[in-house]
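Observations on the three-dimensional arrangement
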Amino acid sequence: MERTAIRRRLTWQVATVADVRRETPTARTIVLEVPDWPGHLAGQHLDVRLTAPDGYRASRSYSIASAWTGGTIELTVEEVPGGEVSPYLVDVLKAGDPLEIRGPVGGWFVWKPEQDGPVQLIGGGSGVVPLRSMLQAAAGTSTPMRLLYSVRRPESVIYVQDLKELAASDDIDVRLVYTREAPAGEPRVGRIDAELLEQYAYKPADGATTYVCGPTAFVETVADLLVAAGHDPARVRTERFG
């Protein structure tokens, strides 16, 4: 049975697009129905493959945006200007279309309900995508979670409605950091730095596991700041893109 599960994960299969919804001017979420999906852990990703009429193929990896509940799965894709795959997924793909996928993939950047201690999530731009999967997976559990989300400006916020609802609850602390332009009343514009981590992130003594996802430079900077502040490097898990 284990070999069968591995074979299924590594085999391309055809999913059907059940729905699409716009998140920002450059990003949208794709809801997929996958007949033979084996399930996934929060934080894992999958591969998407497109085939052109002349037979040319291009594939890219995308984080899974939703927790596994036995139904559909979601991807949220940010368009990369001049990219081979993301412009099609963001601007062309529609409900009812087939989409080749393979997965799930990844075993390090994942959250499991049996993990101990609180969880700190730190995302930059579309790096919030796998963190959203973790937030969904933790819903209804006793695991304390905090989200620190860095974006350029208000219209760049992915999952804005989800985050508003989370921020209004007592379960999860959500903090947005604007690097270019902030909404009215927001006192701070700038990147995540040591002072902000000290103010809003869990302290090293709290024993939190921290997940950092975003562009390479963002992830490396935040990870270095966390370690310099005294966080255990073994509890700082990172995933880079770009």
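The notes below deal with the structure included here. (Residues numbered from 1 in each chain as written. Predicted model: local features only at pLDDT ≥ 70, side-chain atom pairs only at ≥ 80, totals over all residues. Heavy atoms only, no water.)

In total, this model carries 15 salt bridges according to the counting rule given. Between Arg-21 and Glu-23 there is a salt bridge, with the nearest N and O atoms lying 3.5 Å from each other. Put simply, Arg-132 and Asp-162 hold a salt bridge, and the shortest N to O gap is 3.1 Å. With Arg-132 in helix 3 (residues 128-138) and Asp-162 in helix 4 (residues 160-168), the pair connects residues that are 30 residues apart, well separated along the chain. On the basis of relative accessibility, which here comes to 8%, the residue Arg-132 falls in the buried class. One connected set of salt bridges, linked through shared partners, spans Arg-21, Glu-23, Glu-74, Arg-132 and Asp-162. (Salt bridge = Lys/Arg side-chain N within 4 Å of Asp/Glu carboxyl O. Helix = DSSP H or I, 4+ residues; strand = E, 2+ residues; numbered from the N terminus. Buried < 20%, exposed > 50% of the residue type's maximum accessible area, 1.4 Å probe, protein only.)

This part is about the pairing of strand 2 (residues 27-33). Along strand 2, six of the seven residues are buried, which leaves the element largely enclosed by surrounding structure. Examined bridge by bridge, strand 1 (residues 13-24) and strand 2 share seven bridges and lie antiparallel to one another. For Arg-22, the partnering residue across the bridge sits in strand 2 and is Arg-28. Bridge count between strand 2 and strand 5 (residues 73-78): six bridges; the pairing is antiparallel. Each bridged residue has a counterpart across the sheet, and for Val-31 the counterpart in strand 5 is Glu-74. (Pairing = 2+ DSSP bridges.)

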